[in-house]
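Residue-level structural notes
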Amino acid sequence: MTNFWDSILSFARVTVEKVGQQLLQDFGSAQADEKDDGSLVTKSDNWADAEIRSAIASTFPSHGILSEEGEHVFPDTEWCWVVDPLDATTNFARGIPIWGISLGLLYRGTPVFGCVHLPPINQSFHGFYAPDFAGGVFDNMPQGAFLNGQQIRPTADKMSGNHFFNLCSRSVGIGPHLPSKVRMLGMASYNFLTVASGVAMGGVEATPKIWDIAGSWVIVKAAGAVWLPLESPAIFPLEVGKSYGRISYPTLVMNRQELVSVFLPFVEAWKKKKMG
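Residues numbered from 1 in each chain as written. Predicted model: local features only at pLDDT ≥ 70, side-chain atom pairs only at ≥ 80, totals over all residues. Heavy atoms only, no water.

A word on the overall build of the protein. Helices and strands together make up the secondary structure of the protein, namely six helices and 14 strands. In terms of overall size, the protein behaves like a compact globule, its C-alpha atoms giving a radius of gyration of 18 Å where 276 residues would be expected to give roughly 19 Å. Residue burial in the protein is summarised as follows: out of 276 residues, 54% are buried. Intrachain contacts of the protein at a sequence separation of at least 6 include 63% that bridge at least 24 residues. For the protein, the accessible area works out to roughly 12400 Å², and carbon and sulfur atoms hold 49% of it. (Helix = DSSP H or I, 4+ residues; strand = E, 2+ residues; numbered from the N terminus. Rg over C-alpha atoms; globule rule 2.2 N^0.38 Å. Buried < 20%, exposed > 50% of the residue type's maximum accessible area, 1.4 Å probe, protein only. Contact = heavy atoms within 4.5 Å. Areas by Shrake-Rupley, 256 points an atom, 1.4 Å probe, with all protein chains shown as cover.)

A separate point is the packing of aromatic side chains. Tallied over the entire structure, the rule returns 23 aromatic pairs. Taken together, Phe4, Trp5, Phe11, Phe60, Trp79, Trp81, Tyr107, Phe113, Phe128, Phe133 and Phe138 form an aromatic cluster joined through their ring pairs. (Phe/Tyr/Trp six-rings, centres within 6.5 Å; stacked < 30°, edge-to-face > 60°.)

So, about the sheet that holds strand β7 (residues 123-128). The strand order across the open sheet formed by seven strands is β3-β4-β5-β6-β7-β8-β9, and the pairing between neighbours is mixed. Since the sheet does not close on itself, it has two edges, and those belong to β3 (64-67) and β9 (150-151), each with one partner. Bridge analysis of strand β6 (residues 110-118) against β7 gives six bridges, and the strand direction is antiparallel. Bridge assignment links Leu118 to a residue of β7, and that residue is Gln123. This element, helix α1 (residues 4-26), spans β4 (79-87), β5 (100-107), β6 and β7 of the sheet and lies at about 35° to β6. Of the strands in this sheet, β3, β4 and β5 are in contact with helix α2 (residues 43-59), which crosses β4 at around 155°. (Pairing = 2+ DSSP bridges. Axes fitted to C-alpha atoms, helices over the stretch in contact; angles between N-to-C directions.)

Angle between the axes and distance between the axes are the two parameters that describe a pair of packed helices. Closest axis-to-axis distance for the helix α4 (residues 188-196)/helix α5 (residues 210-223) pair is 9 Å, and the angle between their directions is 5°. Between α4 and α5, the angle falls in the class roughly parallel. Here α4 contributes Ala188, Ser189, Phe192, Leu193 and Ala196 to the contact with α5, which in turn contributes Asp212, Ser216, Ile219, Val220 and Ala223. Residues of the contact of α4 with α5, tallied by class, amount to seven nonpolar, two polar and one charged. (Parallel < 35°, antiparallel > 145°, perpendicular 65-115°, else oblique. Nonpolar A, V, L, I, M, F, W, Y, C, P; charged D, E, K, R; others polar.)

Let us now look at the pattern of salt bridges. A full pass over the atoms with the stated rule returns five salt bridges. A salt bridge links Glu258 to Arg256, with the shortest nitrogen-to-oxygen separation between them at 3.6 Å. (Salt bridge = Lys/Arg side-chain N within 4 Å of Asp/Glu carboxyl O.)

Bringing the pairing of strand β12 (residues 202-205) into the picture now. Note on strand geometry: in a regular strand, side chains alternate between the two faces of the sheet. Because side chains alternate across β12, one face comprises the buried residues Gly202 and Val204, and the other comprises Gly203 and Glu205, equally buried. Examined bridge by bridge, strand β10 (residues 164-167) and β12 share two bridges and lie parallel to one another. By the bridge assignment for β12, Phe165 is matched with Gly202. As defined by bridge partners, β12 adjoins strand β14 (residues 251-254) across four bridges and the pair is classed as antiparallel. Looking at the pairing, Glu205 lines up with Thr251 of β14.

Most of α4 sits inside the fold, with nine of its nine residues counted as buried. Among all positions in α4, only Ala188, Ser189, Tyr190, Asn191, Phe192, Leu193, Thr194, Val195 and Ala196 are buried. Gly198 occupies a position one or two residues after α4 and carries a positive phi of about 90°.

In this section: unusual backbone geometry. A cis amide bond, omega 5°, links Phe236 with the succeeding residue Pro237. Positionally, Pro237 belongs in the loop between β13 (226-229) and β14. Although it is not a glycine, Arg108 adopts a positive phi angle of roughly 50°. Mapped onto the elements, Arg108 comes out in the loop between β5 and β6. Residues other than glycine seldom take positive phi values, yet Asn148 does so here, at roughly 50°.

What follows is about α1. Across its 23 residues, α1 extends 33 Å between first and last C-alpha, which sits within 8% of the 33 Å expected from 1.5 Å per residue. Against the buried residues of α1 lie α2, β4, α3 (89-94), β5, β6 and β7. Structurally, the start of α1 carries an N-cap: the backbone nitrogen of Trp5 is 3.0 Å from a side-chain oxygen of Asn3. Remark: Gly28 follows α1 within two positions and exhibits a positive phi of approximately 95°. (Expected span 1.5 Å × (residues − 1). Polar contact = N/O pair within 3.5 Å; in protein donor to acceptor, adjacent residues only side chain to side chain.)

Everything listed here is a matter of geometry and, on its own, says nothing about what the molecule does.
Here it is, written out as structure tokens:
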């Protein structure tokens, strides 16, 4: 008999792969429009959003949905999916093959399952993380973070100038001062997931939204990496009735706690200079 978590994982995999196949067909020819917040949106974003919301509604009718291209108010449901139907739209629209689909399943406002699929590079991440919940379906919950079905963990390498630290476009001012090489991937969730999978030592995002975070947060935590909010003391649980459309969550992710003290001063100095 298929348990609850098997059905969640199966649903997520089938949904993101189906949507991803169509997005691959659109990749390279999408026309982008600018939204009110300055970010880009394409017809592919809206199509993917409608497909994913329809799939959730038909498979889990009691679950709520919060989506970048749809409803931004967190609903009063025990379970809620937070959806980024096309993460890294700018990459997608401009022809850079680093973009994907991100799903996070929240229980009472806290993510417990995440799935991020990058069709162009054939990478699918998922993870389960619910340390504060017990009983019921959580008794049978799997553990860990995975890339294409193989368990992932952050690297334990000694820090060197040949390791990577990821930046976003709004945090490039940190780059010249870091004791590492820098990379800018253009996809917030993938920035964090490369840390979870041992590719990068750390990464910072200045303005990720909740749909950039919900799926990747679970996978980062399940892999054993360090997630450090740079402003709010805690992101979760989300609040029922609150709109999350314009809220950003500046975030530092590191492969292990001992390196937080190495990189955080650079990030804080950049933030202070930026705000000053």
